[in-house]
Amino acid sequence: MSKSQFGVIGLGVMGKSLSLNIAEKGFKLSVYNRSEGEEANVVKDFLNQNTAFNNISGHTSIDSFIASLETPRKILMMIKAGSVVDAVIKQLEPYLNADDILIDGGNSHYLDTKNRYEALQKKGIHFIGCGISGGEEGARKGPSMMPGGNIHSYSLVAPILEKISARDKNNKACCCFIANNGAGHFVKMIHNGVEYSEMQLLAELYAIMSLTMSNEDISKVFSNWNKGDLSSYLLEITANILTKKEGNTYIVDTILDKAGNKGTGSWSSKTALEIGIPTTMMTSAVFARYLSSFKEKRVQLSQHFTKENRTPDIPNIKDLENAYRFARIINHQQGFDVINEAAKAYNWTINLSELARIWTNGCIIRSELMQQVSELFKNQTNLFDNIDIINQLKSLEPYIEEVIKSAISNRVPLDTFWSSYNYWVSMTSAKLPANIIQAQRDYFGAHTYQKIDAPLSQFFHTNW
Ligand SMILES: NC(=O)C1=CN([C@@H]2O[C@H](COP(=O)(O)OP(=O)(O)OC[C@H]3O[C@@H](n4cnc5c(N)ncnc54)[C@H](OP(=O)(O)O)[C@@H]3O)[C@@H](O)[C@H]2O)C=CC1
Ligand SMILES: O=C(CO)[C@H](O)[C@H](O)COP(=O)(O)O
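Remember, it's a predicted structure, so these values are computed and weren't measured experimentally.

Analysis parameters
Residues numbered from 1 in each chain as written. Chains lettered and ligands numbered in written order. Predicted model: local features only at pLDDT ≥ 70, side-chain atom pairs only at ≥ 80, totals over all residues. Heavy atoms only, no water. Axes fitted to C-alpha atoms, helices over the stretch in contact; angles between N-to-C directions. Helix = DSSP H or I, 4+ residues; strand = E, 2+ residues; numbered from the N terminus. Parallel < 35°, antiparallel > 145°, perpendicular 65-115°, else oblique. Left-handed = near helix turned anticlockwise from the far one by under 90°. Contact = heavy atoms within 4.5 Å. Nonpolar A, V, L, I, M, F, W, Y, C, P; charged D, E, K, R; others polar. Buried < 20%, exposed > 50% of the residue type's maximum accessible area, 1.4 Å probe, protein only. Pairing = 2+ DSSP bridges. Right-handed = clockwise from strand over helix to strand, strands pointing away. Near = heavy atom within 4 Å. Polar contact = N/O pair within 3.5 Å; in protein donor to acceptor, adjacent residues only side chain to side chain.

Engineer: What is the right way to read the packing of helix α8 (residues 183–209) against helix α10 (residues 233–243) from this model?
Structural biologist: Think of two packed helices as two axes; the pair is described by the angle between the axes and how far apart they sit. Direction vectors running N to C along α8 and α10 enclose 40°, while the axes themselves pass 10 Å from each other. Relative to α10, α8 is oriented oblique. As α8 runs across α10, the sense of the crossing is right-handed. When α8 is examined against α10, the residues Glu195, Glu198, Met199, Leu202 and Tyr206 are found in contact with a partner set consisting of Leu234, Leu235, Thr238 and Leu242. Among the residues forming the contact of α8 with α10, the class breakdown is six nonpolar, one polar and two charged.

Structural data, given as C-alpha cells:
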C-alpha cells in the first residue's frame, strides 16, 4: 500500500478541519490522536464521520502513524500550545530522521518555537513554526498560513501548504515563507493582537450604540458598513451575532460579559513593551478583557451608581462610522510597527506587503483595509509615511472626538477608541510633557537628561 504524503497529529477543532481540507485537495493523509481514557474513540469517530474520504488513514499509535508516512516525513502538529508541544516532540523524536519536517501549526510562543527549531536543527530535523488563522471554518475551507523556519524546509512543504490555504483576490495562496526560526509564530501572535483590538472596537461600538438602538438596528448598521471600505470578517460575524436568536431571545443578550483569552494578546503586548513599540490599542484591548473578568466586583461597585433617567446622547452613525475607520487604521499601523521593529531586532527579513497580502483572506483579521495596507506597504514600511493616510486620519479626527465626548457623557468605557486617539495625538505632537518625566527622574535618581539646546550626545544632571 502506498504511504501517506502528509501526517496530522491532533484531531481537535483545527486538526480535524485541516485534515479534511488536506484530504479534499487529494493528498494521501495519515492522522493521529492520543487514545487514552476519554480520547479512546477520537480517531475512530473522525474516520466514521468522514467515510467519503478514502485517502485518510487513522492511527492511535505513534509507531503505525510514523510507519504510514513516506520519507522525508511531513508532519503537522495541531495541538494545544505550551508544554504539550514539547511532550509530543519528545514522543516523536526517536522515530524521526534527519530531513524529516515537523510543523507546529498551533499558537505557540515564538520564543518556544525558536528554541525548538534550534534543538531539532542539531539533529537535522526541519522544524517549521507555522501560524495558522481562520478558525474552524478557515481551516476547513482555506486558512491564512504563516510558516517560519528556513526557506529550504518551507520549499519542501510549500506545495501542500499553499494548496490548502485561502486565495487572495488574484488567486494567489494566502501562505508565504515569513522568515527564520520563530518568525511565523511571531507574526501570528501579532495577528491575534490586532484581532483583539478589532474585536474590542466592535464591542465598544455595540456598548455605545445599544444605549439607544436594538440589536437588529445595530446589526443593520454593521451590515451596511460591511458593504464598503470598512468591510471585514469580524464586522460581518458581529452583524450576524447580534441577530441570532434562540426562541425569542437574542443569544448575545444571554452571554455572560466576561471575556476569555488564551494568551496571544498579552504575549503581543509584553513583546511590544520589551522592544519599545507603543501598541496601545491591543494592550488596552487585553486589559479590557481582563477588566471584564472582574464581573462580581463590577456588579458590587456598580451599586454606587444609579442610572440617570434621561435619554442618552449618543453620536450619530456617521460619527461612529468615521471613528471606527480612524481607529482601525491606527490599529493596523501599531500591529505592523511592532512586526517591523521585531524584524530588525531578530534579523528577520519580513515583507510587510506580502504579509498583509496573506492576511487579506482566510484569517480572522481579513478585511478591505488589509487589502489597502498590502498595497501601501509596497512603497513604505510605515503607514504614517503616506501623506494620504495622514490626511485621512486628520479628516477623521473630529468624528472620534465626538464619539469620545459622547462616551464620557454617557459613562461608557471606550478603552480602545481612546487609545487610538491618544496615540495619534501624541504621535503627531512635536512637544510632549516628557521633559517633566526626565526632570523627575533626574531629581530623585540622578538619571540625567538631554537638552533641547545641546547635542543629544550630552547628558546633564541638576542638583535639584
Ligand atoms: N480554535 C481556533 O480558532 C484556533 C486555534 N489555533 C491553535 O491551534 C491549536 C489547536 O487548537 P484547537 O484545535 O482549537 O484545540 P482543541 O482543544 O480543539 O484540540 C487540541 C488538540 O490537542 C491535543 N492535546 C491536548 N492535550 C494534549 C496532550 N497532553 N497530549 C497530546 N495531545 C494533546 C488534543 O487531543 P485530545 O483530543 O486527545 O485531548 C487535541 O487533538 C492551539 O494551539 C490553538 O491555539 C490556531 C488558530 C485558530
Ligand atoms: O488564533 C486564533 C484566531 O486567530 C484563536 O481563535 C485564538 O484562540 C484566539 O485567541 P483568544 O482565545 O485569546 O481570544
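Engineer: Help me out: how do you make sense of the pairing of strand β2 (residues 29–32) in this one?
Structural biologist: Look at any regular strand and the pattern is simple: side chains alternate between the two faces of the sheet. Covered by surrounding structure in β2 are Leu29 and Val31 together with Ser30 and Tyr32, the residues of both alternating faces. Where strand β1 (residues 6–9) lies against β2, four bridges are found, and the strand directions are parallel. Opposite Phe6, over in β2, you have Leu29 as the bridge partner. With respect to chirality, the unit in which β1 leads through helix α1 (residues 13–24) into the neighbouring parallel β2 is right-handed. Direction of pairing for β2 relative to strand β3 (residues 56–59): parallel, over a ladder of four bridges. Bridge pairing in β3 links Leu29 to Ile56. Each parallel crossover has a hand, and the one from β2 via helix α2 (residues 42–49) to β3 is right-handed.

Engineer: I would appreciate a short explanation of the site of ligand 1 in the present structure.
Structural biologist: Near ligand 1 you find 18 residues, and of these Val13, Met14, Asn33, Arg34 and Glu39 are the closest. One of the backbone N or O atoms of Asn107 is found 3.0 Å from an oxygen atom in ligand 1. Looking at side-chain class alone, the shell around ligand 1 contains eight nonpolar, six polar and four charged residues.

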